[in-house]
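So you can see what is in the structure, the chains are spelled out below.
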Amino acid sequence: MSSIACSSLYVLGFGGHARSVADVALAAGVKSLLFVDANAAPNEDFAGFAVVSSMPHPASDGWAVFAAQGDNLRRRQALESAVLRSVVLVSPTATIGRLAEIGEGTLVAHHAYIGPAARVGRGVIINTGAIVEHECEVGAFSHISVNAVVAGRSRIGSNVLVGAGAIVIDGIRVCDDVMIGAGATVVDHIVATGTYIGTPARLMRS
């Protein structure tokens, strides 16, 4: 699977994740970018592409949008308020297995892997080098971080962060609204919201 055809893109946000989105978009063949961020400085740009404080009115014909906030809630708000179609962005160095499904507004970054028959929801980040194996499900507005691994037939809920380098072993179910810390290993189902850290991952107590 490749990115939805799009030659011009409004990138919503201008944080670090937006720069990664822009890099994938340009590698995937997008020709024109315009960053939209309420905190844009006058005459700000990135790699020659302008940063503006609000969407042009009316928005240009033939353009699409991409919500580029790393925070799951903010990304959801941006995508749901967008008036233009959102696209799927897939890096040309990513690998997508047969029969995989990817929802709109999802980023599949450089060297990521989505296995056969996996289902990835709307507005998800599959970050650099992340692996979502065969027949996994990843719920809407979740983030599988850099080099994280979600092993086969696992089910990740919505608004979940799987931290950098974390591992979710085969067949695990993770409920909605969970944060899994960097480097954690999830070996049991997670059925309560909260932050889980360590190996094996345990709920962090305040």
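No experiment lies behind these values; they were computed from the predicted model shown.

**So, the sheet that holds strand S24 (residues 202-203)**
Consideration 1: Read across the open sheet, the 8 strands follow the order S6-S9-S12-S15-S18-S21-S23-S24; overall the sheet is mixed. For this open sheet the edge positions go to strand S6 (89-90) and S24, each flanked by a neighbour on one side alone.
Consideration 2: Bridge count between strand S21 (residues 178-180) and strand S23 (residues 194-197): 3 bridges; the pairing is parallel. Paired with Val-178 across the strands is Gly-194, a residue of S23.

**Some remarks on the pattern of salt bridges**
Consideration 1: Applying the stated rule across the entire model yields 7 salt bridges.
Consideration 2: The salt bridge partner of Glu-80 is Arg-122, with a shortest N-O separation of 4.0 Å. Remark: Arg-122 occurs in the loop between strand S11 (119-120) and strand S12 (125-126) and Glu-80 occurs in helix H2 (residues 72-81); sequence separation between them is 42 residues.
Consideration 3: Classification of Glu-80 as partly exposed rests on a relative accessible area of 44%.
Consideration 4: In this structure, the salt-bridge partner of Asp-188 is Arg-202, at a minimum N-O distance of 3.8 Å. With Asp-188 in the loop between strand S22 (185-186) and S23 and Arg-202 in strand S24, the pair connects residues that are 14 residues apart, well separated along the chain.
Consideration 5: For Arg-202, a relative accessible area of 47% puts it in the partly exposed group.
Consideration 6: Beyond isolated ion pairs, a larger network of salt bridges with shared partners links Arg-76, Glu-80, Glu-104 and Arg-122.

**Concerning the nonpolar core**
Consideration 1: Val-108, Ile-114, Ile-126, Ile-144 and Ile-180 are the most contacted members of the largest nonpolar core, which totals 34 residues.
Consideration 2: Residues contacting Ile-180, with those up to four places away along its chain left out, are Leu-161, Val-162, Gly-163, Ala-166, Val-168, Val-174, Val-186, Ile-190 and Tyr-196.
Consideration 3: Ranked by size, the runner-up nonpolar core spans 22 residues in total, among them Cys-6, Phe-14, Ala-18 and Leu-107.

**Side note on the sheet that holds strand S13 (residues 131-132)**
Consideration 1: Strand order in the open sheet formed by 6 strands is S7-S10-S13-S16-S19-S22, and the pairing between neighbours is parallel. Pairing within the sheet leaves two strands with one partner each, and these edge strands are strand S7 (95-96) and S22.
Consideration 2: When strand S19 (residues 167-168) meets S22, the two strands line up parallel, connected through 2 bridges. Bridge pairing in S22 places Ile-167 opposite Thr-185.

**A few points about the packing of aromatic side chains**
Consideration 1: Scanning the model with the defined rule gives 4 aromatic pairs in all.
Consideration 2: With centroids separated by 5.0 Å and ring planes inclined at 65°, the aromatic side chains of Phe-14 and Phe-35 adopt a geometry described as edge-to-face. Within this pair, whereas Phe-14 is found in the loop between strand S1 (8-12) and helix H1 (16-27), its partner Phe-35 is found in strand S2 (residues 32-36), the two being separated by 21 residues in sequence.
Consideration 3: Looking at Phe-35, the relative accessible area reads 0%, which means it is buried.
Consideration 4: One aromatic cluster is present, built from ring pairs that chain together Phe-14, Phe-35 and Phe-46.
Consideration 5: A cation over an aromatic ring shows up here: Arg-19 above the ring of Phe-14, its NZ or CZ 4.0 Å from the ring centre.

Criteria and thresholds
Residues numbered from 1 in each chain as written. Predicted model: local features only at pLDDT ≥ 70, side-chain atom pairs only at ≥ 80, totals over all residues. Heavy atoms only, no water. Pairing = 2+ DSSP bridges. Helix = DSSP H or I, 4+ residues; strand = E, 2+ residues; numbered from the N terminus. Salt bridge = Lys/Arg side-chain N within 4 Å of Asp/Glu carboxyl O. Buried < 20%, exposed > 50% of the residue type's maximum accessible area, 1.4 Å probe, protein only. Core = buried A, V, L, I, M, F, W, Y, C linked by side-chain atoms within 4.5 Å. Contact = heavy atoms within 4.5 Å. Phe/Tyr/Trp six-rings, centres within 6.5 Å; stacked < 30°, edge-to-face > 60°. Lys NZ or Arg CZ within 6 Å of the ring centre and 35° of its normal.

Read these as geometric descriptors, not functional statements.
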